[in-house]
Amino acid sequence: MTHYLDFEKPLAEIEGKSEELRAMARSSEGMDIEAEARALDKKATNLLKDLYAKLTPWRKCQVARHPDRPHCRDYIDALFTEYTPLAGDRAFGDDHAVMGGLARFNDRPVVVIGHEKGNDTQSRLTHNFGMARPEGYRKAIRLMDMADRFGLPVITLVDTPGAYPGKGAEERGQSEAIARSTEKCLQIGVPLLSVIIGEGGSGGAVAFASANRIAMLEHSVYSVISPEGCASILWKNAEKMREAAEALRLTAQDLKKLGICDRIIPEPLGGAHRDGHAAIAAVGEAIEAMLGEFHKASPEELVAARRKKFLEMGSKGLAA
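Described in the following lines is the structure provided in the data block. Fair warning: this is a prediction, and the values are worked out from it, not measured in the lab.

With that settled, consider the overall build of the protein chain. Per the secondary structure count, the protein chain includes 14 helices and eight strands. A total of 320 residues make up the protein chain; the buried ones form 49% of that total. Restricting the contact set of the protein chain to residue pairs at least 6 apart, pairs at least 24 apart contribute 72%. A total accessible area of about 15,400 Å² is found for the protein chain, and carbon and sulfur atoms account for 53% of it. Computed over 43 positive and 46 negative side-chain charges, the inter-centroid distance for the protein chain is 5 Å.

This is how it looks when you write it as structure tokens:
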């Protein structure tokens, strides 16, 4: 069953009518309504093009959060072979919001790490909606250390509203764990590639995305804070999230102009949730291209390039 966003209600009505006609035809032999159904399909496609050609930043946030978008597990299952998950931080426990391990990408050994949100009520609770605790970031540090030791490229898939802000997480050193993970990203002497596949929220995302190359899906978002959180702080009113989304410059298109995002990965018409296979294939092509950029780079060159990239952030595109 298709899950429609608020701004897609007119589209839902048209597609609903088309399906009703086809259901009537299936139940009544001899009824020929295919011409009418095709006309409705064409109208729906044109409306979909219009809606997604001019998405506002807030609508892009809604698309990035769509529950039917492919998640980290979907990308790993489709793009990687011989995936061997590694669990635990060797200090406290295992955080199911972060998954990662050894794998092969196009027969090349890599380490893959990502946030997993889950795709139904039970799995979302298990994975804490993709909000990692300190042990999740410490697990990521352990995996990045291992990748550095064995010369394996690291690929991170970012999809989180932010790090978990609970009491237990704070007691176990949430901010320190995020800082250490960010530091480790900047230190390792292997290619580090990050793809924002949905939400890139706050330090919880930066801890995985301080990379040599940052790619974003066309309708993903990446920001220091959520629009609702920003609105609550600046306007004391979470309902001002639309204005906050505009001000935060959180879309892939804005971040490309600002030099934060290196590559925008096109999504299927209507967003990744409408054709997950096509979206995953596009991400795979982008990862392959980005890996090729660092084929002959030495560890020293990789670290220096990463350092230079982040030092230069904020120096261009501010008037865009």
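The rest of the description comes next.
Moving on to the packing of aromatic side chains. Each aromatic ring pair is summarised here by two numbers: the centre-to-centre distance and the angle between the ring planes. Taken as a whole and assessed by the stated rule, the structure comprises three aromatic pairs. Taking the centre distance of 5.5 Å and the plane angle of 50° together, the rings of F80 and F105 count as tilted. On the criterion of sequence distance, the pair formed by F80 in strand β1 (residues 80–85) and F105 in strand β2 (residues 98–105) is long-range, its members being 25 residues apart. Residue class for F105 comes out buried when judged on its relative accessible area of 2%. Their ring planes at 65° and their centres at 5.7 Å tell us that Y137 and F208 sit as a pair that is edge-to-face. On the criterion of sequence distance, the pair formed by Y137 in helix α6 (residues 134–150) and F208 in helix α9 (residues 202–209) is long-range, its members being 71 residues apart. Residue Y137 shares its accessibility class with F208, and that shared class is buried. Seen from the ring of Y164, R133 lies directly overhead, with NZ or CZ sitting 4.6 Å from the centre.

Here we take up the pattern of salt bridges. Going through the model one piece at a time under the given rule, you end up with 21 salt bridges. Note that E293 is salt-bridged to R213, the shortest N-O span being 2.7 Å. Taken as a pair, E293 in the loop between α13 (276–292) and α14 (299–311) and R213 in strand β6 (residues 213–217) lie far apart in primary sequence, 80 residues in all. Given a relative accessible area of 39%, E293 falls into the partly exposed group. Here E312 and K308 are joined by a salt bridge, their closest N and O atoms 2.8 Å apart. Relative accessible area serves as the criterion here: at 40%, E312 is assigned to the partly exposed category. Through salt bridges that share partners, R65, K117, D159, E199 and E228 make up one connected network.

Consecutive side chains of a regular strand alternate in pointing toward one face of the sheet and then the other. Of all the five residues making up β6, four are buried; the element is thus mostly covered by neighbouring parts of the structure. Where strand β5 (residues 192–201) lies against β6, four bridges are found, and the strand directions are parallel. Following the sheet pairing, V195 is matched in β6 by A215. Between the parallel elements β5 and β6, the chain passes through α9 in a crossover that is right-handed. In the sheet, β6 pairs with strand β8 (residues 263–265) via three bridges, with the strands oriented parallel.

Below, the discussion takes up the side chain of N128. Mapped onto the secondary structure, N128 falls in the loop between α5 (121–126) and α6. A polar atom in the side chain of N128 sits 2.9 Å from the backbone oxygen of M131. Discounting residues that sit within four places of it in the chain, N128 has contacts with R133 and Y164.

What follows concerns the nonpolar core. Of all hydrophobic cores here, the largest spans 34 residues; its most connected members are V111, I113, V154, F208 and Y222. Listing elements by their share of this core, those giving two or more residues are β3 (108–115), α6, β4 (154–160), α8 (174–187), β5, α9, β6 and α12 (252–257). Here the element with the most residues in this core is α6; it accounts for six residues. Among the nonpolar cores identified, the runner-up in size contains 30 residues, and L79, F105, A215 and A286 belong to it.

Once that is clear, we can look at the packing of α8 against α9. In contact at an axis separation of 7 Å, α8 and α9 are set at 30° when each is read in the N-to-C sense. Between α8 and α9, the angle is such that the two are roughly parallel. As α8 runs across α9, the sense of the crossing is left-handed. Between α8 and α9, the contacting residues are I178, S181, T182 and C185 on the first element and G203, V206, A207 and F208 on the second. Residues of the contact of α8 with α9, tallied by class, amount to five nonpolar, three polar and no charged.

About the cut-offs
Counting of residues starts from 1 at the beginning of each chain's written sequence and follows it residue by residue. Per-residue local features of the predicted model are confined to residues with pLDDT of at least 70, and side-chain atom pairs are confined, for both listing and counting, to 80 or more; whole-chain, interface and lining totals are unaffected and use all residues. Side-chain figures throughout are based on the complete set of non-hydrogen atoms in the structure, without hydrogens or water. Each helix is a run of H or I in the DSSP string that is no shorter than four residues. Each strand is a run of E no shorter than two, and both are numbered from the N terminus. For each residue, the accessible area found with a 1.4 Å probe, counting protein chains only, is set against the maximum for its type, and the residue is called buried under 20%, exposed over 50%, and partly exposed in between. The contact rule is simple, with two residues in contact once any of their heavy atoms fall within 4.5 Å. Throughout, the Shrake-Rupley method with a 1.4 Å probe supplies accessible areas, and for residues the shown protein chains are the sole cover considered. The charge count treats Lys and Arg as positive and Asp and Glu as negative. His and the chain ends do not count. By convention, the point assigned to a charge is CZ for Arg, NZ for Lys, CD for Glu and CG for Asp. Aromatic contacts are taken between Phe, Tyr and Trp rings whose centres are within 6.5 Å, Trp giving its six-membered ring; a plane angle under 30 degrees counts as stacked, one over 60 as edge-to-face, and the others as tilted. Counted as over-ring charges are cases with an Arg CZ or a Lys NZ within 6 Å of the ring centre that also lie within 35 degrees of the ring normal. By salt bridge we mean one thing: a side-chain nitrogen of Lys or Arg within 4 Å of a carboxyl oxygen of Asp or Glu. Criterion used throughout: strands pair if DSSP finds at least two bridges between them. Think of it like this: strands point away, you trace from the first strand over the helix to the second, and a clockwise trace means the crossover is right-handed. Definition of a polar contact: a pair of N or O atoms within 3.5 Å, with one able to donate and the other able to accept a hydrogen when the atoms are protein atoms, and with sequence-neighbouring residues admitted only if both atoms are side-chain atoms. In this text, buried Ala, Val, Leu, Ile, Met, Phe, Trp, Tyr and Cys residues form a nonpolar core when linked through side-chain atoms within 4.5 Å. For every element, the axis is a line fit to its C-alpha atoms; helices are fit only across the contacting stretch, and the angle between N-to-C directions ranges from 0 to 180 degrees. Angles below 35 degrees are treated as roughly parallel, those above 145 as roughly antiparallel, those between 65 and 115 as roughly perpendicular, and all remaining angles as oblique. Handedness of a crossing follows from how the near helix is turned relative to the far one, being left-handed for an anticlockwise turn of less than a right angle and right-handed for a clockwise one. Lys, Arg, Asp and Glu make up the charged group, whereas Ala, Val, Leu, Ile, Met, Phe, Trp, Tyr, Cys and Pro make up the nonpolar group; the residues left over, Gly among them, are polar.

Honestly, it's all geometry; don't read function into it.
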